[in-house]
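Take a look at the letters that make up each chain.
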Amino acid sequence: MIHAVMIVNNHGKARLLKFYDKISYDTQQQLVQEVFRTVSKRSDDVCNFADGAKMWPNPARYIYRHYATLYFVFVIDDCESELAILDLIQIFVETLDRCFEDVCELDLIFHSDRAHFILDEIIMGGMVLETNKDEILRSLDGLAKKGSFDKK
Amino acid sequence: MAKFSKTKTGKDLGSKQFFDLIRSIGEAKSKQEEDKIIAREIAVLKSKMGEKDVDKKQMKEYVVRLLYCEMLGSNAEFGYIFCVNLIASSDLLQKRTGYLAVQLTISPDCDLLYLIVSAIQKDLKSTNSLDVCCALNAATKLINAELMPCLIQDVQNCLKHQSALVRKKAIVCIHAFWRKDEMGIGDNKQYQQVLCDKDPAVMACTLSFLQDLCCLNPEENKHLVSSFVSILRQICEHRLTKEYDYHRIPAPWIQIKLLKLLAILCHQDVERSKQAYIVLGEVMKRADSGLPIGHAVIFECVKTITCLVPAPELIESAADAISKFLSSPNPNLKYLGITSLSRIVLINPIYAKEHRDVVMGCLEDHDGTIKRKTLDLLYAMTNQDSVEVIVARLARFLAAAHDVYLKSDLVTNISDLAYKYYPTMEWYIQTMNNVIKLGEQFVDNQTVQGMLKMIAEGSEELSEEENEEFRVHAVESYYELLDTSDKLPETLVQIISWVLGEYGFMSQEYSQDDITDKLCDLLEKSPDNDTRGYIITALMKLTAQVTPVPDHVLELVASFKSSGSLALQQRCYEFLELANYGGLMSGVLPLDGCCEILEVDQDLSFLDAVVSSALARGAKDYRKNYFQTLGQEEQVATLKTAVYVNPMDKTGVTEEAAAVVVKETELALNVTESKWNKKMLEPQKEDDAPVEQQEDYEDDEEEMSPTHDANNGLEAEDGEKKKKKKKSKQDRLATIFDKPAGKKTVKKGTKKKKTSEAASPQSDIHDGNGRAASPPSAQLGVPGLKEQLVPSVGELTMANFEKTWKSHPAEGSGALAIPPGIDVDTMADRIMEVSNIVKIQTIGTQFVAAARHNSGFVLCHFQIDSTTFSIKVRSMMPDLTAAVVQHLQSSILG
C-alpha cells in the first residue's frame, strides 16, 4: 500500500501531507523531515527511488519526483510497483495542473483543500483508486456542480 | 507541464489575512520567528472561530488556515470541534472541507469521533452520491475496530449503489476496515463478487483487497487464478475502452495488480503456473513499448515469472529483459535490473556469472539506492566459489562507506556470508577481525558468539587434531595481533581475551607467562569495564593451573576491587578468593573446559553434610521460616544462571554492569556448556560459609562475599527507589542485614540471595498471565476496593518483599474453607481477578502476592492446607488490612 503522500518544497517546508497509517502527530513531523533529508540529498541524475528510514512502522521506500521547487514523495511498501507509482505521481501532478490551470506552489498553499480533494480521488486509504485524469476531474466536477467549487 | 513557479498573478489567493500569513512565514528568517507567527495566527483563529454566527464560508477559510498551521507542526486542538460542525453543513464543499479537516487532524481515539460517526452514518444514507463519497472517505481513515459495527452495514449497502464511484470507494473502505480488524467485516468470500462488477474500475479496486487476502491465505483463493488469467488476457488484448489506456498500454495498473496476484497464487503450484505461462508471455511482449509504464509492467512480469514454477522459455525472456534493464543508462531501469537479477539468480545462478562485472560496477555507482540494491544482489549471488572475491570486495566497500545504514547492512551481510560459506576457518577469523576493525559498532553479539563458537567447537569437516591446530593458530595470531596493533576495537579485545584465556595453554610458541603478561598489559591499558571483565576472567582461567597465582597478577586484579563497576568488582573478589585455594581453583577452571557438559545436582545433596552438621550444632532448620523455605526450593531450579542473569533484570544495576553480566552469561551458556559459570558459585558457598562462623555472622558481614553485598545492595536500591526515599548505602546495608532471615547461617545468606533474584522473572511471568486473564471485576466483597488496588508488577521480588513486609505494620489474617483439590495457580488467578493482588512467587502450597495502594503496598501471604485457605495481609493502615481480608474472604469463592 501507499503509506503516505508528501509534497515538500526545496527548503523542507511541507506543502501537503497525507498519512494513510495511524501515525502520531509528532512522528509525522519527524518523518517529513526525514523524507526531505533523504530526497534532497539525491542529485537529479540518480534514480527516483530511495530506501525509507527504519522509523517507518513498516519497511518503506520513497518514490519521488522533483519539479522546480517541489518534491512529490510517495511512501510505499513492497506491494506496490516503483515505476507504476512514479507514473501515478505524474498523473497527480498533471491533474493538479489541469485543475489549477498551470499550477504553482502558491496554489497548493492557498488551496490545500482542493489539492487534497484531487488526491482523495486518486488514492484512498492507501490504495490506488483511479488513474484516469478525466475520471478524476469528472468526480471533482460533480463537486463543482452540486456544491460551490469555486472555479474561476 | 507544471512549472511550480514561485509567484503568479491573477489567481484567487484567498483573504488578505491568509495571504499576509503566508508571506510573513515565507519571509521568516528562523524557526523561532516562524513559530511565533504561527502562534499568533492560532490565537487569532481561536478568537475568530469562537465568535457567534460565523459565516459558514468564512468558517471554511478558517479551517483551511487551521490545517495550514497544523501541517507546519503546531497543535490547534481547539478548532477540531468547528471542523466537526462543518461536516453537518448542507453545502457540499463545506461538508467536504469539514470531512477533510477531521481526517487530517483527529486521531482515531479522540472523543469527537462519536460525533463524526453519527454524521457519517447519516451521509452514507444520503441520496446525493457525493455525500456518500465524502462519508466513505472519512470512514476509511477514521473508523477504528470498535466503531466498525455501527457502519459496516451501511458501507456494505454502498457496494450495490448505482454510482460506480460509490461502489469503488465502498470496497476500498471495506478493505481498510479489514486491515484494522479482520473479523469486523463478516465473511470475506462475499467480497469476491465485486470482482464481477460491470465497471472495470470497481473490479480494479477489489484487486488490492484480494491481494491482501491471498497473501494471508493463498490456498483458499487458488480458484481465482483462472479468473485473473482471463481478466489479464482481456486487458492485454485491448478489450477495455480507450479510457483505461495509459501511454497506449491498456490499464497498466490493473495489469500490475493481476501479475502480483498470480505470483502469490501460482507459487510452487505446477498446474496453476501452467495456466499463467501463456498470458505472461503475451503481456511481456505487448508491454515492450519503451515507455516507463511499459517497463513497469515488464518488471512485474519478471517478478512473477521468478515466483512461478520455472518455465525455461519465460525465464529466458525475463533474463533478456533484465539484461536490457542493466545496460540502460536510465538509473530507474538499472535499479529494476538489479532488483530483478537478485530474484532470478535464486532460480539459476548462471545469470549471476553473466552479469557479475556489471553488478560489481554498480557498487561504484554514485547513487546510494543502487548501491544498496547491489549489495542485496551480491548477497544473493554469493556461493562457495565466489565468497572470497565478493567478501573482499564488500570489505573494501565497507572501508570506504560513510552512511550508517549502509555500513550496518554491510557488516551484517559480510558476517553472514563469511559464516555460511567460509573456505577455511583461518579465512573466516581473518575476515571477521577485519570486519570488527572496520565497523565495530555494527557487529552484534550474535556474530561474536558465532566466532567464539567456531573456535571452541571447530569444524565438523576437520579432525580433532586439525581443530586443535586451528585453535593454536588462533591463539598465536591473536597474540601477534596484540603485539603489532596499538589500538584495537573493544569487541576484538574481548574476543582475543576469551581465546587467550581459554586456549592460551595450547600455544607452543608463547609460554603461559608470556600470555599472562600480555593480558596484564592489556588490562592496564583497557579503558572499558566490559573488556576488563573479559580480561580478568581470561587471566583467571589462564592462571588456574599455576600455584600459586603470580603475585603481580593478583596485585593488578586487586587494584580493580574498588572499580565503579559492580560486575567487575565481583569478578575481582571471586578471583582473589579462589586464588587462596590453589587445588580448588584448578578443579573449578579445568583446561579446555568450555565444551564440557554439566551435570546439575538437583537435590544439592553435596550440601547435606554441611546442613546436618549445622543442625547438630543447634542451628535452626530454615524451613521453619517460610521465606527461607521459599528460598531453598526455588534455588534448585535456577541455580545455574541465577546470579548472572538476574541482577540486571530487577535490581536496577547500571546498564554497564548489566551488559557485562549478560555478555558473560551468554558467552558461557550459548557458546559452550559452561563449566566455570556454575563452579564459580559453588565453591564460593563453601569458602564463604563455614558453619563454624555461624555465631559471628553479624559481625563479619562486611567481610562477606562481595557478591552478596553488592547484589543485596542493588536489590535494596531498587526497592528504595520505588519508595522515593534516600538513604546512604551504608544505612541500606545495615537495614537489610538487620533482619532475622539473613542471620541464620552464612550459607543461607548466599543461597537466599540467589533465590530471591531467581524469583523476579518468574513472578513477572505470573503477573503477566494473571493480568491478561482477568475478566471484569467481581461483584462480591468490599465494593470499590479492587479499584483502589493496582497490580504490582515487577516492583517486588522475594528479596525486597521480605523487607517491604516488615515496613508495613498493620497485619491481619483470616481463613476460609475451600473445596479440596484447588491448586495455587487457580487461587492466585482468582485473587488477581477479584482484588488486583498479583502473585509474586509460589512455594509448594504457599504463595505471596502484592498490590499497590495509595498508602504503600498491600502484601499477602496465602497458604492452602487441603480444605483451608489461610490469608495473612499486611499494609500501612489497619483499616485497609481489615478491608482486604474481608474482601478476600467474601469474594474469592463468590
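Small disclaimer: the values here were computed from a predicted structure and weren't measured.

**Here's the deal with the overall build of chain A**
So, point 1. A tally of helices and strands in chain A yields five helices and seven strands.
So, point 2. Moving toward the C terminus, one meets the helices and strands of chain A in the order β-β-α-β-β-β-α-α-α-β-β-α.
So, point 3. The buried share of chain A, taken over its 152 residues, is 70%.
So, point 4. Residue pairs at least 24 apart in sequence account for 50% of intrachain contacts in chain A once pairs closer than 6 positions are excluded.
So, point 5. Counting only carbon and sulfur atoms, one obtains 46% of the accessible surface of chain A, whose full area is about 4,900 Å².

**Concerning the overall build of chain B**
So, point 1. A tally of regular secondary structure across chain B gives 43 helices and eight strands.
So, point 2. Here chain B holds 894 residues, and 57% of them are scored as buried.
So, point 3. For chain B, the proportion of contacts with a sequence separation of at least 24, taken over those separated by at least 6, is 69%.
So, point 4. Within the structure as shown, chain B displays about 39,000 Å² of accessible surface, and the carbon and sulfur contribution to it stands at 50%.

**Comments concerning the packing of aromatic side chains**
So, point 1. By the definition in use, this model includes 22 aromatic pairs over all chains.
So, point 2. On the numbers, 5.5 Å between centres and 85° between planes, the contact of Tyr 67 of chain A with Phe 72 of chain A is edge-to-face.
So, point 3. What makes Phe 72 of chain A buried here is its relative accessible area of 0%.
So, point 4. Three or more aromatic residues joined by ring pairs make a cluster, and in this case those are Tyr 67, Phe 72, Phe 74 and Phe 92 of chain A.
So, point 5. Here Arg 96 of chain B stacks its cationic end above the ring of Phe 117 of chain A, 4.7 Å away from the centre of that ring.
So, point 6. The ring of Tyr 479 of chain B has Lys 518 of chain B lying over it, and the distance from NZ or CZ to the ring centre is 5.3 Å.

**Quick word on helix α15 (residues 312-327) of chain B**
Residues and elements named next belong to chain B.
So, point 1. For α15, built from 16 residues, the straight-helix expectation of 22 Å at 1.5 Å per residue is met to within 8% by its first-to-last C-alpha distance of 22 Å.
So, point 2. Among the residues of α15, those classed as buried are Leu 314, Ile 315, Ala 318, Ala 319, Ala 321, Ile 322, Phe 325 and Leu 326. One side of α15 carries all its buried residues, which in axial view fall inside an arc of 165°. Looking at α15, the residues exposed on the side facing more than 90 degrees away from the buried face are Pro 312, Glu 313, Lys 324 and Ser 327.
So, point 3. Next to the buried residues of α15 lie α13 (270-287), α14 (292-307), α16 (331-347), α17 (350-354) and α18 (356-362).

**A closer look at the confidence of the model for chain A**
Residue and element names in this part refer to chain A.
So, point 1. Averaged over every residue, the pLDDT of chain A is 88; residues scoring 70 or more account for 93%.
So, point 2. Per-residue pLDDT, averaged within each element of chain A, yields its smallest value for helix α5 (residues 133-146) (75) and its largest for strand β5 (residues 70-76) (95).
So, point 3. Predicted confidence is poor over residues 146-152, with pLDDT under 50, and the contacts of this stretch with residues over four places away or in other chains come to 19 contacts.

**Digging into the packing of helix α4 (residues 80-87) of chain B against helix α6 (residues 113-124) of chain B**
Residue and element names in this part refer to chain B.
So, point 1. Direction vectors running N to C along α4 and α6 enclose 15°, while the axes themselves pass 10 Å from each other. Judged on the interaxial angle alone, α6 and α4 are roughly parallel. Of the two possible hands of crossing, α4 and α6 adopt the one that is left-handed. Contacts from Ile 81, Val 84 and Ile 87 in α4 reach Leu 115, Ile 116, Ala 119 and Asp 123 in α6.
So, point 2. Across the contact of α4 with α6, the residue classes tally to six nonpolar, no polar and one charged.

**Looking at unusual backbone geometry**
Residues and elements named next belong to chain B.
So, point 1. You will see that His 247, though not glycine, has its phi angle at about 50°, which is positive.
So, point 2. Along the chain, the position of His 247 falls in the loop between β1 (245-246) and β2 (249-250).
So, point 3. When its relative accessible area of 39% is taken as the criterion, His 247 is described as partly exposed.
So, point 4. Positive phi, close to 65°, is recorded for Asn 836, a residue that is not glycine.
So, point 5. With respect to the element layout, Asn 836 can be found in the loop between α42 (824-835) and β5 (838-843).

**Overview of the sheet that holds strand β1 (residues 2-9) of chain A**
Residues and elements named next belong to chain A.
So, point 1. The antiparallel open sheet is built from five strands, whose spatial order is β2-β1-β5-β4-β3. Sheet topology places β2 (14-19) and β3 (49-51) at the edges, where each strand pairs with a single neighbour. Along the sheet, successive strands turn relative to each other by an average axial angle of 20°, direction set aside.
So, point 2. Note: β1 against β2, five bridges, orientation antiparallel. Looking across to β2, one finds that Ile 7 is bridged to Leu 16.

**Considerations on the interface of chain A and chain B**
So, point 1. With 81 residues of chain A at the interface, the matching set in chain B holds 77 residues.
So, point 2. Regarding the contact of chain A and chain B, the summed buried area is about 6,800 Å², with carbon and sulfur atoms giving 59% of it.
So, point 3. Per-residue buried area on chain A facing chain B is highest for Leu 83, Phe 110 and Met 124 of chain A; these three make up 10% of the total on that side.
So, point 4. In this structure, the connection of chain A to chain B is made through seven salt bridges.

**What to know about the nonpolar core**
So, point 1. With 289 residues, the main nonpolar core has Met 6 and Trp 56 of chain A together with Ile 120, Leu 136, Phe 228 and Tyr 478 of chain B as its most contacted residues.
So, point 2. For this core, the element with the most residues is helix α2 (residues 82-100) of chain A, which contributes twelve residues.
So, point 3. Dropping the residues within four chain positions of it, Tyr 478 of chain B is found in contact with Ile 429, Asn 433, Met 451, Ile 455, Leu 492, Ile 495, Ile 496 and Val 499 of chain B.

**Considerations on the confidence of the model for chain B**
Low pLDDT marks stretches whose predicted atomic positions should not be read closely.
Residue and element names in this part refer to chain B.
So, point 1. A residue-level look at chain B finds 80% of positions with pLDDT of 70 or above and a mean pLDDT of 78.
So, point 2. Mean pLDDT across the elements of chain B bottoms out in helix α39 (residues 746-773) (37) and peaks in helix α12 (residues 252-266) (94).
So, point 3. Counted against residues more than four places away or in other chains, residues 5-11, with its pLDDT under 50, gives 17 contacts.
So, point 4. Ignoring residues within four places in sequence, the model shows residues 633-779, a span with pLDDT below 50, making 279 contacts including any to other chains.

**Digging into a negative patch on the surface**
All names here are of chain B.
So, point 1. Together, Glu 426, Glu 465, Glu 466, Glu 468 and Glu 469 make up a region of like negative charge exposed at the surface.
So, point 2. For the negative patch, the leading source of residues is helix α24 (residues 464-484), giving four residues.
So, point 3. Summarising the element assignment, Glu 466 is placed in helix α24.

**Observations regarding the side chain of Glu 476 of chain B**
All names here are of chain B.
So, point 1. By secondary structure assignment, the location of Glu 476 is in helix α24.
So, point 2. Buried and unpaired, Glu 476 has no salt bridge, with Arg 471 as the nearest side chain of opposite charge at 13 Å.
So, point 3. Among the polar contacts listed, one links the side chain of Glu 476 to the backbone nitrogen of Glu 509, at a separation of 3.4 Å.
So, point 4. When neighbours within four sequence positions are excluded, Glu 476 is seen to be in contact with Ser 507, Gln 508, Glu 509 and Tyr 510.

**What to know about helix α3 (residues 56-71) of chain B**
All names here are of chain B.
So, point 1. Between the first and last C-alpha of α3 there are 22 Å, a value that for 16 residues agrees with the 22 Å anticipated at 1.5 Å per step.
So, point 2. When you tally the buried positions in α3, you get 13 out of 16 residues, the bulk of the element.
So, point 3. Once α3 finishes, Gly 73 follows within two positions and takes phi at roughly 105°, a positive value.

**Regarding the environment of Tyr 80 of chain B**
All names here are of chain B.
So, point 1. Summarising the element assignment, Tyr 80 is placed in helix α4.
So, point 2. Its relative accessible area of 9% is what places Tyr 80 among the buried residues.
So, point 3. Considering only alpha carbons, one finds Tyr 80 and Leu 66, 14 residues apart in sequence, at a separation of 9.3 Å.
So, point 4. Residues contacting Tyr 80, with those up to four places away along its chain left out, are Glu 70, Asn 75, Thr 105, Ile 106 and Leu 112.

**Examining the pairing of strand β4 (residues 810-817) of chain B**
Where a strand is regular, its side chains alternate between the two sheet faces.
Residues and elements named next belong to chain B.
So, point 1. Alternating residues of β4 divide into Ala 810, Gly 812, Gly 814 and Leu 816, all buried, and Glu 811, Ser 813, Ala 815 and Ala 817, none buried.
So, point 2. In terms of strand pairing, β4 meets strand β8 (residues 868-875) through eight bridges, oriented antiparallel. By the bridge assignment, Ser 813 is partnered in β8 with Lys 872.

**Quick word on the packing of helix α19 (residues 368-381) of chain B against helix α20 (residues 387-400) of chain B**
Two packed helices can be described by the angle between their axes and the distance between those axes.
All names here are of chain B.
So, point 1. Packing of α19 against α20 brings their axes to within 11 Å, and their N-to-C directions diverge by 155°. The orientation of α19 relative to α20 falls into the category roughly antiparallel. Crossing hand, α19 versus α20: left-handed. Each of Lys 371, Leu 375 and Leu 378 in α19 lies in contact with α20, whose residues at this interface are Ile 390, Leu 394 and Phe 397.
So, point 2. Taken together, the residues of the contact of α19 with α20 break down into five nonpolar, no polar and one charged.

**Thoughts on the environment of Asp 530 of chain B**
Residue and element names in this part refer to chain B.
So, point 1. Structurally, Asp 530 can be placed in helix α27 (residues 529-543).
So, point 2. For Asp 530, a relative accessible area of 11% puts it in the buried group.
So, point 3. For the pair Asp 530 and Ser 565, spaced 35 residues apart in the sequence, the C-alpha separation amounts to 9.0 Å.

Thresholds applied
- Residues numbered from 1 in each chain as written.
- Chains lettered and ligands numbered in written order.
- Predicted model: local features only at pLDDT ≥ 70, side-chain atom pairs only at ≥ 80, totals over all residues.
- Heavy atoms only, no water.
- Helix = DSSP H or I, 4+ residues; strand = E, 2+ residues; numbered from the N terminus.
- Buried < 20%, exposed > 50% of the residue type's maximum accessible area, 1.4 Å probe, protein only.
- Contact = heavy atoms within 4.5 Å.
- Areas by Shrake-Rupley, 256 points an atom, 1.4 Å probe, with all protein chains shown as cover.
- Phe/Tyr/Trp six-rings, centres within 6.5 Å; stacked < 30°, edge-to-face > 60°.
- Lys NZ or Arg CZ within 6 Å of the ring centre and 35° of its normal.
- Expected span 1.5 Å × (residues − 1).
- Arc of directions from axis to C-beta.
- pLDDT = per-residue confidence, 0-100.
- Axes fitted to C-alpha atoms, helices over the stretch in contact; angles between N-to-C directions.
- Parallel < 35°, antiparallel > 145°, perpendicular 65-115°, else oblique.
- Left-handed = near helix turned anticlockwise from the far one by under 90°.
- Nonpolar A, V, L, I, M, F, W, Y, C, P; charged D, E, K, R; others polar.
- Pairing = 2+ DSSP bridges.
- Buried area = accessible area lost by both parts, 1.4 Å probe.
- Salt bridge = Lys/Arg side-chain N within 4 Å of Asp/Glu carboxyl O.
- Core = buried A, V, L, I, M, F, W, Y, C linked by side-chain atoms within 4.5 Å.
- Patch = residues over 30% accessible without salt bridge, like charges linked within 9 Å, V, L, I, M, F, W, Y side chains within 5 Å.
- Lys, Arg positive; Asp, Glu negative; His and termini not counted.
- Charge placed at Lys NZ, Arg CZ, Asp CG, Glu CD.
- Polar contact = N/O pair within 3.5 Å; in protein donor to acceptor, adjacent residues only side chain to side chain.

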